[in-house]
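This is what each chain is made of:
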Amino acid sequence: MKIKQIQEEIIDEFAMFDDWMQRYEYMIDLGKSLPLIESKYKTDDYLVNGCQSKVWVRAELVDNQIVFKADSDAIISKGIIAILIRVFSHHEPNEIIEANTDFVDKIGLKDHLSPNRANGLSSMIKQLKLYALAYQTKINDE
Amino acid sequence: MKKNTHINIDQIRNDFPILKRKVNGESLIYFDNAATSQTPQLVIDSIVDYYSKYNSNIHRGVHFLSQEATDAYENSRVKFQKHFNAHNSYEIIFTSGTTHSINLVANGFKKILKKNDEIIISQLEHHSNIVPWQMLCEETGAKIKVIPINNNGELIIDEFEKLLNSKTKLVFVNHVSNALGIVNPIKHIIKKAHEFNAIVLVDGAQATPHMKIDVIDLDVDFYVTSTHKICGPTGVGILYGKEKWLNKIPPFLGGGEMIDQVTFEKSTYAGLPNKFEAGTPNISGVIASGVGIDYLNSIGLEKIYAYENELLEYATRELLQIKGLKIYGFSAKKTSVISFNVGNIHPYDIGSILDKFGIATRTGQLCAQPIMDYFKIPGTIRVSFSFYNTKEEIDEFIKALHKAILMLS
Ligand SMILES: Cc1ncc(COP(=O)(O)O)c(C=O)c1O
């Protein structure tokens, strides 16, 4: 599936709920299926800067596709990063770099997007895209 | 006649337009007063009034508006002089905030401190009251000593007294800890420090909203605060300094208003307070801050303290009934601040859910990482009450907190 399709799928899932509490509960549930980063990588090197909670992310290139794994010490951040990874993982770097991220607005997470330093969603997206950019540069060099 | 000791809460809430706001579809409950307190209509009006009627630069023009603006600005200085009971109005310096005030003093001691001199700060400090001294020590070779805290979050005064010696030049403590709300025994600290001829700066950012400060009675050398925590606008700070110290330290910023004579070879500095107020200050902000302090005094800080203490006791009692909830900071003397965690739930998670219920709290390290390190926690949730908050709001908050805990565990 293309990134865009996955995003639409997620938008549809969130549209089933009519209040924020149900959406948050669903997001927290999604966090439980997050592909977890190995504990040896839970170090400062893999921390996403700019979150009040700790969020660790690591990327690997498998058959030219990026595979992300992550974890967080906060449940809501874990849900957020799980959604992002579901969208961005298993795609080629270029597709990730070019992906639009309007969907976060449509699933009611807009308040996590403000440049307020306590909110980490934009930092997480930036970090995932940076990984993609790094791998794309590496591929171009080879 | 019996003195009225109660505040008129309905009338007070009417003075603050923001309290009528809806946030995420819910009525706003503002419990982040320790970060910034809300602004009464009177103060907002005074800013509008300034820009609609007499906006002009101060101390410079001979024209009517400039005179009027200068008078209002200087009148504000006199209000703060009286409020803090300073000997002279020029001992009140307007800055952009507590952070600016502290940096101004730290910078002033660059040339005065020598290698191996000692500076004492406390483990309870806000980052604003740590970083400038670290910078000062890097430049001068002076050393920082830290007053430790006990399990209740109180300063261990015996340890402080052991740190004092003939090398101690400066002591910096906050009057009230922003993270825990504990009131420190600053009068005693000042007295002891003075026995060793050390100079004391007290960070009063968390004390001034709740109690009357008398700088003469305290015999404090420098006392600093921000007016956005005492009903004023953001971007204005107060630096009180004893005349002799203000004369001793050099200016922080160079520019207009702070000089007497300028030639390209050498400029001579203006006297106090202008020496420290280079450039065009936040004129409307300073004037509005004066209106804010008048407003606070019209209610009375004693009444405010008593009412906030009721809220503190009520909320503490309610919170302690929640299973797994731990409050950090216990002391006989506390301001209306409660820092807590619930089991292993991350403070950020609880803060995010409370926000959805329209409840503003502060979460995280609260700019006081050394305290969090001491308790070995990533941070806390902090609720801080002001005199316009109510028990009903606390009830709503407790209900929302129960729902958050249910969702998160
Ligand atoms: C104890 C203490 N010191 C310093 C500051 C910094 O104040 P400002 O940001 O207004 O400079 C604060 C504000 O949060 C504080 O609580």
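Residues numbered from 1 in each chain as written. Chains lettered and ligands numbered in written order. Predicted model: local features only at pLDDT ≥ 70, side-chain atom pairs only at ≥ 80, totals over all residues. Heavy atoms only, no water.

What to know about the overall build of chain B
Applicable threshold: Numbering of helices and strands runs from the N terminus; a helix is a DSSP stretch of H or I covering at least four residues, while a strand is a stretch of E covering at least two. Within these notes, the globule rule equals 2.2 Å times the number of residues to the 0.38 power, and the radius of gyration is based on C-alpha atoms. Contact between two residues is taken to exist if any of their heavy atoms lie within 4.5 Å; hydrogens are not considered. Here the accessible surface of atoms and residues is derived via Shrake-Rupley with a 1.4 Å probe, and residues count as covered only by protein chains that are part of the display. As used throughout, the charge tally considers Lys and Arg to be positive and Asp and Glu to be negative, leaving His and the chain termini uncounted. Charge coordinates come from a single atom per side chain, which is NZ of Lys, CZ of Arg, CG of Asp or CD of Glu.
When its secondary structure is counted, chain B shows 14 helices and 17 strands. Relative to the 2.2 N^0.38 estimate, which gives 22 Å for 409 residues, the radius of gyration of chain B is 22 Å and therefore close to what a compact globule would have. If you line up chain B on its principal axes, its C-alpha atoms span 70 × 55 × 45 Å. Long-range contacts, defined as pairs at least 24 residues apart, comprise 71% of the intrachain contacts of chain B with a sequence gap of at least 6. Per element, the accessible surface of chain B, about 17,500 Å² overall, is 52% carbon and sulfur. If you average the places of the 43 positive and of the 43 negative side-chain charges in chain B, the two averages end up 3 Å apart.

A closer look at the nonpolar core
Convention followed: Grouping buried Ala, Val, Leu, Ile, Met, Phe, Trp, Tyr and Cys residues that are joined through side-chain atoms within 4.5 Å yields what is termed a nonpolar core. A 1.4 Å probe rolled over the protein chains alone gives each residue an accessible area, and that area as a share of the maximum for its type sets the label: buried under 20%, exposed over 50%, partly exposed in between. Domain start and stop positions are those given by an automatic or database domain assignment.
Grouped together as the largest cluster of nonpolar side chains are 145 residues, with contacts concentrated most on L84 of chain A together with F340 and F387 of chain B. Viewed by domain, this core spans two of them, domain 1 (9–40 + 301–408) and domain 2 (44–298) of chain B, each represented by three or more residues. Residue contacts for F340 of chain B: discarding those within four places in its chain leaves L319, L325, K326, I327, Y328, T380, I381, V383, F397 and L401 of chain B. L113, I121, I199 and L272 of chain B belong to the second-largest nonpolar core, a separate cluster that totals 26 residues.

Regarding the site of the ligand
All names here are of chain B. Here is the rule we go by: If even one non-hydrogen atom of a residue comes within 4 Å of a molecule or strand, that residue is called near it. In the analysis that follows, any N or O atom pair within 3.5 Å is treated as a polar contact, provided that within protein one partner can donate a hydrogen and the other can accept it, and provided that, for residues neighboring in sequence, both atoms belong to side chains. Put simply, Ala, Val, Leu, Ile, Met, Phe, Trp, Tyr, Cys and Pro go in the nonpolar bin, Asp, Glu, Lys and Arg in the charged bin, and everything else, Gly too, in the polar bin.
In the region of the ligand, the neighbouring residues are G97, T98, T99, H126, S128, N178, D203, A205, Q206, S226, H228 and K229. Within the backbone of T98, one N or O atom sits 3.3 Å away from an oxygen atom of the ligand. Between an oxygen atom of the ligand and a side-chain N or O atom of H126, the distance comes to 3.3 Å. Burial of the ligand by the protein chains amounts to 84% of its free accessible area of 400 Å². Residues of the shell around the ligand, tallied by class, amount to one nonpolar, nine polar and two charged.

Here we look at empty space enclosed by the protein
All names here are of chain B. Test applied: Definitions used for this entry: grid spacing 1 Å over protein atoms alone; cavity, a set of points where a 1.4 Å probe fits but cannot get out; pocket, an open set with protein on both sides within 12 Å along at least 5 of 7 lines; lining residue, one with an atom within 4 Å of a point. Grid points are joined across faces, edges and corners, and a volume is the space filled by probe spheres set on the points.
Under the definition given, this model contains four cavities of 30 Å³ or more. The space that makes up the largest cavity amounts to roughly 100 Å³. What lines the largest cavity is a set of 15 residues, among which S37, P209, H210, K229 and S386 lie closest to the centre. Within the lining of the largest cavity, the residues separate by chemical class into eight nonpolar, five polar and two charged.

Things to note about the domain arrangement of chain B
Residue and element names in this part refer to chain B. We count it as follows: Two parts placed together each lose some accessible area; with a 1.4 Å probe, that loss summed over both constitutes the buried area. Salt bridge, as used here, is a side-chain nitrogen of Lys or Arg placed within 4 Å of a carboxyl oxygen of Asp or Glu.
Annotation of chain B at the domain level lists domain 1 (9–40 + 301–408) and domain 2 (44–298). Taking the mean C-alpha position of each, domain 1 and domain 2 sit 28 Å from one another. In this assembly, 38 residues from domain 1 lie in contact with 36 residues from domain 2. Taken together, both faces of the contact between domain 1 and domain 2 bury some 3,000 Å²; the carbon and sulfur share is 57%. Here domain 1 and domain 2 share zero salt bridges between them. Summed over the shared surface of domain 1 and domain 2, the number is 24 residue pairs in polar contact (both at pLDDT 80 or more). Breaking the side of domain 1 that touches domain 2 down by element, the ones donating at least two residues are α11 (301–320), β14 (337–342) and α13 (369–375). The element best represented in the side of domain 1 that touches domain 2 is α13, accounting for six residues.

With respect to the confidence of the model for chain B
Spelled out, the test is: Each residue carries a pLDDT value, the predictor's own confidence for that position, ranging from 0 to 100.
When pLDDT is averaged along chain B, the result is 94, and 98% of the positions lie at 70 or above. Both scores are given for the predicted complex: the pTM is 0.92, the ipTM 0.89.

Regarding the sheet that holds strand β8 (residues 199–203) of chain B
Within a sheet, neighbouring strands are paired by backbone hydrogen bonds and run either parallel or antiparallel to one another. All names here are of chain B. Note the threshold: When DSSP locates at least two bridges between a pair of strands, those strands are taken to pair. In this analysis, axes come from line fits to C-alpha atoms, helices being fitted only over the stretch in contact, and the angle between any two N-to-C directions falls in the range 0 to 180 degrees.
One open sheet holds the seven strands; their spatial order is β4-β10-β9-β8-β7-β5-β6, and the pairing between them is mixed. The open sheet has two free edges, formed respectively by β4 (92–95) and β6 (143–147), since each of these has just one partner strand. The average undirected angle you get between the axes of adjacent strands in this sheet is 20°. With four bridges joining them, β4 and strand β10 (residues 237–241) adopt antiparallel strand pairing. Counted as the bridge partner of I92 is Y240 from β10. Each of β4, β9 (222–226) and β10 touches helix α3 (residues 64–84); the most contacted strand, β4, lies at about 120° to it.

Observations concerning the layout of surface pockets
Vacant regions in the atomic arrangement are exposed by a probe of water-molecule size rolled over the atoms. Residue and element names in this part refer to chain B. Computed from the structure, the second largest pocket encloses a volume of approximately 290 Å³. Lining the second largest pocket are 16 residues, and of these H175, V183, M211, K212 and K333 lie nearest its centre. Secondary structure elements with two or more residues in the lining of the second largest pocket: α8 (215–218) and α11. Per-element accounting of the lining of the second largest pocket gives the leading share, three residues, to α11. Looking at the lining of the second largest pocket residue by residue, the class counts come to eight nonpolar, three polar and five charged. Formed jointly, the lining of the second largest pocket draws a minimum of three residues from each of two domains, domain 1 (9–40 + 301–408) and domain 2 (44–298).

A closer look at the interface of chain B and chain A
The interface of chain B with chain A comprises 13 residues on the first partner and 17 residues on the second. Taking both sides of the interface into account, the surface hidden between chain B and chain A amounts to around 1,400 Å²; carbon and sulfur atoms contribute 63%. Where chain B packs against chain A, one counts four residue pairs in polar contact (both at pLDDT 80 or more). Secondary structure elements with two or more residues in the side of chain B that touches chain A: α12 (347–356), β16 (362–364) and α14 (391–408) of chain B. The element contributing the most residues to the side of chain B that touches chain A is α12 of chain B, with six residues. Residues belonging to the side of chain B that touches chain A are distributed by class as follows: five nonpolar, four polar and four charged.

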